[in-house]
Amino acid sequence: MPLILSLFPGIGLLDMAFEQEGFCIVRGPDVLWGGDIKTFFPPAGKFDGVIGGPPCQAFSRPRHLVEHNGYVIAENLIPEFSRVVEAARPDWFLMENVPGAPDPLLPMYDVERFAFNNRWTGADQNRMRWFWWGSWHGRPLGRVSKYIELAALESATVEPAVCASGGAAPVPVRIGGSGKVKRSFTARHVAIRKSASAMGYKTIGYLRDACRLQGLPADFLDHAPFTVAGKIKCVGNGVPLPMGYAIVQAVKRAISCR
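None of the values given here were measured: they were computed from a predicted structure. Note on numbering: residues in each chain are counted from 1, in written sequence order. Totals for whole chains, interfaces and linings use every residue, but because this is a predicted model, local features are given only for residues with pLDDT of at least 70 and side-chain atom pairs only at 80 or more, for both listing and counting. Think of the side-chain values as coming from all heavy atoms in the structure, minus any hydrogens and water.

1. Quick notes on the packing of helix H1 (residues 13–20) against helix H8 (residues 241–255)
Part 1 of the argument: What counts as an axis is a line fitted to C-alpha atoms, over the stretch in contact for a helix, and the angles between N-to-C directions run from 0 to 180 degrees. For helices the rule is a DSSP run of H or I covering at least 4 residues; for strands it is a run of E covering at least 2, with both sets numbered from the N terminus onward. For the pair H1 and H8, interaxial distance at closest approach is 9 Å and the crossing angle is 45°. With respect to their mutual orientation, H1 and H8 come out oblique. Where H1 crosses over H8, the two elements pack in a sense that is right-handed. Of the residues in H8, those in contact with Leu13, Leu14, Met16, Ala17, Phe18 and Gln20 of H1 are Leu241, Gly244, Tyr245, Val248 and Val251.
Part 2 of the argument: Amino acid classes used here: Ala, Val, Leu, Ile, Met, Phe, Trp, Tyr, Cys and Pro are nonpolar; Asp, Glu, Lys and Arg are charged; the rest, including Gly, are polar. Residue classes in the contact of H1 with H8 are distributed as nine nonpolar, two polar and no charged. Roughly parallel covers angles under 35 degrees, roughly antiparallel covers those over 145, roughly perpendicular covers 65 to 115, and oblique covers all other angles. Handedness of a helix crossing follows the sense of rotation of the near helix relative to the far helix, less than a right angle counterclockwise being left-handed and clockwise being right-handed. When checking whether two residues touch, look at their non-hydrogen atoms; a contact exists if any pair is within 4.5 Å.

In C-alpha coordinates:
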(Lines give C-alpha, C1' and ligand atoms only; values in the text may rest on other atoms or scores of the structure.)
Protein backbone atom coordinates (compact mmCIF):
# COMPACT_ATOMS: atom_id res chain seq x y z
CA MET A 1 0.00 0.00 0.00
CA PRO A 2 1.59 3.32 -1.09
CA LEU A 3 2.32 5.70 1.79
CA ILE A 4 1.42 9.31 0.95
CA LEU A 5 2.21 12.54 2.80
CA SER A 6 -0.59 15.11 2.50
CA LEU A 7 0.35 18.79 2.90
CA PHE A 8 -2.17 21.56 3.57
CA PRO A 9 -4.84 18.84 4.01
CA GLY A 10 -7.66 21.03 5.37
CA ILE A 11 -10.66 18.76 5.88
CA GLY A 12 -9.05 16.17 3.62
CA LEU A 13 -11.15 16.07 0.45
CA LEU A 14 -8.21 15.14 -1.80
CA ASP A 15 -7.08 12.73 0.90
CA MET A 16 -10.50 11.04 0.78
CA ALA A 17 -10.11 10.37 -2.92
CA PHE A 18 -6.66 8.81 -2.41
CA GLU A 19 -7.87 6.71 0.54
CA GLN A 20 -10.81 5.46 -1.51
CA GLU A 21 -8.32 4.17 -4.08
CA GLY A 22 -6.25 2.25 -1.52
CA PHE A 23 -3.51 4.73 -0.57
CA CYS A 24 -2.45 5.24 3.06
CA ILE A 25 -2.49 8.96 3.90
CA VAL A 26 -0.36 10.67 6.55
CA ARG A 27 -1.60 14.22 7.09
CA GLY A 28 0.93 16.97 7.65
CA PRO A 29 0.35 20.14 9.71
CA ASP A 30 -2.44 22.51 8.72
CA VAL A 31 -3.28 25.96 10.10
CA LEU A 32 -6.88 24.73 10.42
CA TRP A 33 -5.73 22.46 13.26
CA GLY A 34 -3.10 24.81 14.69
CA GLY A 35 -0.18 23.44 12.63
CA ASP A 36 2.59 25.33 10.85
CA ILE A 37 4.13 23.98 7.63
CA LYS A 38 7.23 26.11 8.24
CA THR A 39 8.21 24.07 11.30
CA PHE A 40 7.57 20.70 9.62
CA PHE A 41 10.54 18.56 8.53
CA PRO A 42 9.64 15.13 7.11
CA PRO A 43 11.97 12.11 7.09
CA ALA A 44 13.62 11.31 3.77
CA GLY A 45 12.76 8.19 1.82
CA LYS A 46 9.67 7.20 3.85
CA PHE A 47 6.91 8.38 1.52
CA ASP A 48 6.07 7.12 -1.95
CA GLY A 49 4.34 10.38 -2.84
CA VAL A 50 3.51 13.87 -1.55
CA ILE A 51 0.24 15.61 -2.36
CA GLY A 52 -1.27 18.98 -1.47
CA GLY A 53 -2.80 22.27 -2.46
CA PRO A 54 -0.97 25.29 -0.97
CA PRO A 55 -3.20 28.32 -0.21
CA CYS A 56 -4.33 29.89 -3.47
CA GLN A 57 -5.41 33.40 -2.36
CA ALA A 58 -2.24 35.06 -3.60
CA PHE A 59 -2.92 33.85 -7.17
CA SER A 60 -6.73 33.76 -7.40
CA ARG A 61 -8.69 36.12 -9.66
CA PRO A 62 -10.69 37.83 -6.86
CA ARG A 63 -7.58 38.60 -4.77
CA HIS A 64 -7.74 42.32 -5.67
CA LEU A 65 -11.33 42.49 -4.44
CA VAL A 66 -10.30 40.76 -1.22
CA GLU A 67 -7.55 43.35 -0.69
CA HIS A 68 -9.93 46.17 -1.68
CA ASN A 69 -12.30 45.06 1.09
CA GLY A 70 -9.51 45.32 3.66
CA TYR A 71 -8.58 41.65 4.07
CA VAL A 72 -5.02 40.32 4.16
CA ILE A 73 -4.06 37.88 1.41
CA ALA A 74 -2.50 34.60 2.56
CA GLU A 75 1.20 34.36 1.72
CA ASN A 76 2.61 32.20 -1.05
CA LEU A 77 3.43 28.83 0.53
CA ILE A 78 4.33 26.97 -2.66
CA PRO A 79 8.05 27.35 -1.70
CA GLU A 80 7.21 25.49 1.54
CA PHE A 81 5.56 22.72 -0.47
CA SER A 82 8.72 22.48 -2.59
CA ARG A 83 10.95 22.44 0.51
CA VAL A 84 9.04 19.56 2.08
CA VAL A 85 9.03 17.55 -1.16
CA GLU A 86 12.77 18.09 -1.54
CA ALA A 87 13.34 16.91 2.04
CA ALA A 88 11.02 13.88 1.79
CA ARG A 89 12.39 12.80 -1.63
CA PRO A 90 9.32 10.78 -2.72
CA ASP A 91 9.09 9.02 -6.07
CA TRP A 92 6.43 11.52 -7.10
CA PHE A 93 4.38 14.54 -6.02
CA LEU A 94 1.04 16.05 -6.98
CA MET A 95 0.28 19.73 -6.34
CA GLU A 96 -3.09 21.44 -6.94
CA ASN A 97 -3.79 25.17 -7.25
CA VAL A 98 -5.56 27.86 -9.26
CA PRO A 99 -4.56 28.64 -12.88
CA GLY A 100 -2.46 31.69 -11.92
CA ALA A 101 -0.18 29.85 -9.48
CA PRO A 102 3.56 29.59 -10.24
CA ASP A 103 5.38 26.30 -10.73
CA PRO A 104 7.04 24.63 -7.74
CA LEU A 105 10.82 24.81 -8.01
CA LEU A 106 11.93 21.18 -7.86
CA PRO A 107 14.70 20.65 -10.43
CA MET A 108 15.25 17.02 -9.41
CA TYR A 109 11.78 16.13 -10.70
CA ASP A 110 10.35 15.89 -14.20
CA VAL A 111 7.20 18.02 -13.93
CA GLU A 112 4.02 17.97 -15.98
CA ARG A 113 1.49 20.80 -15.56
CA PHE A 114 -2.09 20.32 -16.75
CA ALA A 115 -5.53 21.87 -16.30
CA PHE A 116 -8.64 20.02 -15.21
CA ASN A 117 -12.24 21.15 -14.82
CA ASN A 118 -14.60 19.41 -12.44
CA ARG A 119 -17.30 19.49 -15.15
CA TRP A 120 -15.22 17.16 -17.30
CA THR A 121 -16.20 14.39 -14.88
CA GLY A 122 -19.90 14.95 -15.63
CA ALA A 123 -20.44 16.97 -12.42
CA ASP A 124 -22.36 20.27 -12.30
CA GLN A 125 -19.78 22.54 -10.65
CA ASN A 126 -17.66 24.61 -13.03
CA ARG A 127 -14.32 24.57 -11.20
CA MET A 128 -11.04 24.83 -13.13
CA ARG A 129 -7.81 23.88 -11.39
CA TRP A 130 -4.20 23.23 -12.37
CA PHE A 131 -2.20 20.21 -11.27
CA TRP A 132 1.55 19.66 -11.18
CA TRP A 133 2.70 16.04 -11.43
CA GLY A 134 6.37 15.43 -10.75
CA SER A 135 8.39 12.21 -10.92
CA TRP A 136 11.95 11.80 -9.67
CA HIS A 137 14.71 11.79 -12.30
CA GLY A 138 15.68 8.20 -13.07
CA ARG A 139 12.39 6.78 -11.77
CA PRO A 140 10.27 7.07 -14.91
CA LEU A 141 6.53 7.25 -14.38
CA GLY A 142 3.64 7.81 -16.78
CA ARG A 143 2.06 11.19 -17.44
CA VAL A 144 -1.07 11.62 -15.32
CA SER A 145 -2.86 13.74 -17.94
CA LYS A 146 -2.59 10.83 -20.38
CA TYR A 147 -4.61 8.54 -18.11
CA ILE A 148 -7.46 10.83 -17.01
CA GLU A 149 -10.84 9.45 -18.07
CA LEU A 150 -13.39 12.10 -19.01
CA ALA A 151 -17.17 11.81 -19.01
CA ALA A 152 -18.71 11.24 -22.44
CA LEU A 153 -20.97 14.28 -21.91
CA GLU A 154 -20.83 17.27 -19.61
CA SER A 155 -23.78 17.97 -17.33
CA ALA A 156 -26.58 20.09 -18.78
CA THR A 157 -26.57 22.03 -15.49
CA VAL A 158 -23.75 24.53 -14.95
CA GLU A 159 -23.17 25.62 -11.35
CA PRO A 160 -20.59 28.27 -10.34
CA ALA A 161 -17.50 27.24 -8.40
CA VAL A 162 -17.99 26.94 -4.65
CA CYS A 163 -16.53 30.04 -3.01
CA ALA A 164 -14.63 29.66 0.26
CA SER A 165 -15.81 33.10 1.37
CA GLY A 166 -19.44 32.06 0.98
CA GLY A 167 -22.25 33.98 -0.72
CA ALA A 168 -21.82 35.40 -4.17
CA ALA A 169 -18.53 35.29 -6.02
CA PRO A 170 -17.96 38.79 -7.46
CA VAL A 171 -16.11 39.10 -10.76
CA PRO A 172 -14.06 42.28 -11.24
CA VAL A 173 -15.19 44.25 -14.30
CA ARG A 174 -13.51 47.65 -14.25
CA ILE A 175 -12.45 50.49 -11.99
CA GLY A 176 -15.01 53.33 -11.99
CA GLY A 177 -14.42 57.04 -11.69
CA SER A 178 -14.77 56.77 -7.94
CA GLY A 179 -11.87 54.36 -7.85
CA LYS A 180 -14.09 51.58 -6.58
CA VAL A 181 -14.17 48.15 -8.20
CA LYS A 182 -17.33 47.52 -10.23
CA ARG A 183 -18.74 44.00 -9.92
CA SER A 184 -20.76 41.55 -11.94
CA PHE A 185 -22.92 38.72 -10.61
CA THR A 186 -24.89 35.92 -12.20
CA ALA A 187 -28.62 35.82 -11.43
CA ARG A 188 -28.06 32.85 -9.14
CA HIS A 189 -25.29 34.69 -7.30
CA VAL A 190 -27.61 37.67 -6.75
CA ALA A 191 -30.25 35.38 -5.24
CA ILE A 192 -27.65 33.80 -2.94
CA ARG A 193 -26.33 37.23 -1.97
CA LYS A 194 -29.82 38.46 -1.03
CA SER A 195 -30.47 35.32 0.99
CA ALA A 196 -27.11 35.64 2.70
CA SER A 197 -27.75 39.27 3.59
CA ALA A 198 -31.08 38.37 5.15
CA MET A 199 -29.60 35.52 7.18
CA GLY A 200 -26.27 36.90 8.31
CA TYR A 201 -24.35 36.35 5.02
CA LYS A 202 -22.92 32.92 5.98
CA THR A 203 -25.93 30.65 5.55
CA ILE A 204 -26.68 27.00 6.26
CA GLY A 205 -28.36 26.84 2.85
CA TYR A 206 -25.19 27.92 1.06
CA LEU A 207 -23.15 25.42 3.10
CA ARG A 208 -25.40 22.51 2.16
CA ASP A 209 -25.35 23.58 -1.49
CA ALA A 210 -21.55 23.86 -1.34
CA CYS A 211 -21.26 20.34 0.11
CA ARG A 212 -23.46 18.94 -2.64
CA LEU A 213 -21.45 20.64 -5.39
CA GLN A 214 -18.20 19.35 -3.88
CA GLY A 215 -19.56 15.79 -3.97
CA LEU A 216 -20.25 15.58 -0.23
CA PRO A 217 -23.38 14.76 1.78
CA ALA A 218 -25.30 17.93 2.69
CA ASP A 219 -24.79 17.18 6.39
CA PHE A 220 -21.07 16.45 6.03
CA LEU A 221 -19.95 19.05 8.59
CA ASP A 222 -23.07 19.20 10.75
CA HIS A 223 -21.16 18.11 13.85
CA ALA A 224 -17.83 19.80 13.09
CA PRO A 225 -16.66 22.34 15.74
CA PHE A 226 -16.70 25.34 13.38
CA THR A 227 -18.95 28.29 12.68
CA VAL A 228 -21.05 28.18 9.50
CA ALA A 229 -18.58 30.61 7.91
CA GLY A 230 -15.69 28.35 8.93
CA LYS A 231 -17.42 25.29 7.47
CA ILE A 232 -18.03 27.10 4.18
CA LYS A 233 -14.36 28.05 4.01
CA CYS A 234 -13.27 24.47 4.70
CA VAL A 235 -15.54 23.05 2.02
CA GLY A 236 -14.73 25.74 -0.54
CA ASN A 237 -10.98 25.27 -0.17
CA GLY A 238 -11.14 21.55 -0.93
CA VAL A 239 -10.77 19.61 -4.18
CA PRO A 240 -14.21 18.42 -5.40
CA LEU A 241 -14.52 14.67 -4.92
CA PRO A 242 -15.44 13.95 -8.58
CA MET A 243 -12.28 15.78 -9.67
CA GLY A 244 -10.23 14.06 -6.97
CA TYR A 245 -11.38 10.58 -7.95
CA ALA A 246 -10.57 11.20 -11.63
CA ILE A 247 -7.07 12.50 -10.80
CA VAL A 248 -6.27 9.72 -8.32
CA GLN A 249 -7.32 6.98 -10.70
CA ALA A 250 -5.01 8.53 -13.30
CA VAL A 251 -2.19 8.64 -10.72
CA LYS A 252 -2.64 4.93 -10.06
CA ARG A 253 -2.29 4.19 -13.77
CA ALA A 254 0.74 6.48 -14.09
CA ILE A 255 2.70 4.92 -11.21
CA SER A 256 1.96 1.42 -12.50
CA CYS A 257 3.85 2.26 -15.69
CA ARG A 258 7.29 2.35 -14.06
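Further notes follow.
2. Points about the confidence of the model for the protein
Part 1 of the argument: The predicted model of the protein averages 85 in pLDDT, with 79% of residues at 70 or higher.
Part 2 of the argument: Confidence scores labelled pLDDT are given residue by residue by the predictor and lie between 0 and 100. Every residue in residues 180–187 is under pLDDT 50, and counting partners more than four places away or in other chains gives 28 contacts.

3. With respect to the pattern of salt bridges
Part 1 of the argument: Any carboxyl oxygen of Asp or Glu within 4 Å of a side-chain nitrogen of Lys or Arg constitutes a salt bridge here. Using the criterion set out here, one finds 13 salt bridges in the structure.
Part 2 of the argument: For Lys38, the salt bridge identified is with Glu75, shortest N-O distance 3.0 Å. Note that Lys38 is positioned in the loop between strand E2 (24–27) and strand E3 (49–52) and Glu75 in the loop between helix H2 (63–68) and helix H3 (78–88), a separation of 37 residues in sequence.
Part 3 of the argument: For Lys38, a relative accessible area of 39% gives the class partly exposed. Relative accessibility thresholds used throughout: buried, under 20% of the residue-type maximum; exposed, over 50%; partly exposed, between the two (1.4 Å probe, protein chains only).

4. Quick notes on the nonpolar core
Part 1 of the argument: To define a nonpolar core, start from buried Ala, Val, Leu, Ile, Met, Phe, Trp, Tyr and Cys residues and group those joined through side-chain atoms within 4.5 Å. Judged by nonpolar contacts, the single largest core of 26 residues is most densely connected at Phe18, Trp92, Leu94, Trp133, Ile247 and Val251.
Part 2 of the argument: Of all the elements in the fold, those that place two or more residues in this core are H1, strand E4 (92–97), strand E5 (109–117), strand E6 (128–136), helix H4 (144–147) and H8.
Part 3 of the argument: When residues of this core are assigned to their parent elements, the largest contribution, eight residues, is made by H8.
Part 4 of the argument: The contacts of Phe18, once residues within four sequence positions are left out, are Phe23, Ile25, Ile51, Trp92, Leu94, Val248 and Val251.
Part 5 of the argument: If you look at the next biggest cluster of nonpolar residues, it comprises 21 residues, including Phe8, Phe40, Phe47 and Leu106.

5. Some words on unusual backbone geometry
Part 1 of the argument: Positioned with a positive phi, Phe8 is a non-glycine residue whose angle comes to about 50°.
Part 2 of the argument: Summarising the element assignment, Phe8 is placed in the loop between strand E1 (3–7) and H1.
Part 3 of the argument: On the basis of relative accessible area, Phe8 is assigned to the buried category, the value being 14%.
Part 4 of the argument: In this structure, Arg89 takes a positive phi of about 50° despite not being glycine.

6. Things to note about the state of the cysteines
Part 1 of the argument: Any two cysteine sulfur atoms within 2.5 Å of one another count as a disulfide. Scanning all chains against the criterion turns up zero disulfides.
Part 2 of the argument: Here Cys56 stays free of any disulfide, with the sulfur of Cys163 as its closest cysteine sulfur at 9.8 Å.
Part 3 of the argument: For Cys56, a relative accessible area of 22% gives the class partly exposed.

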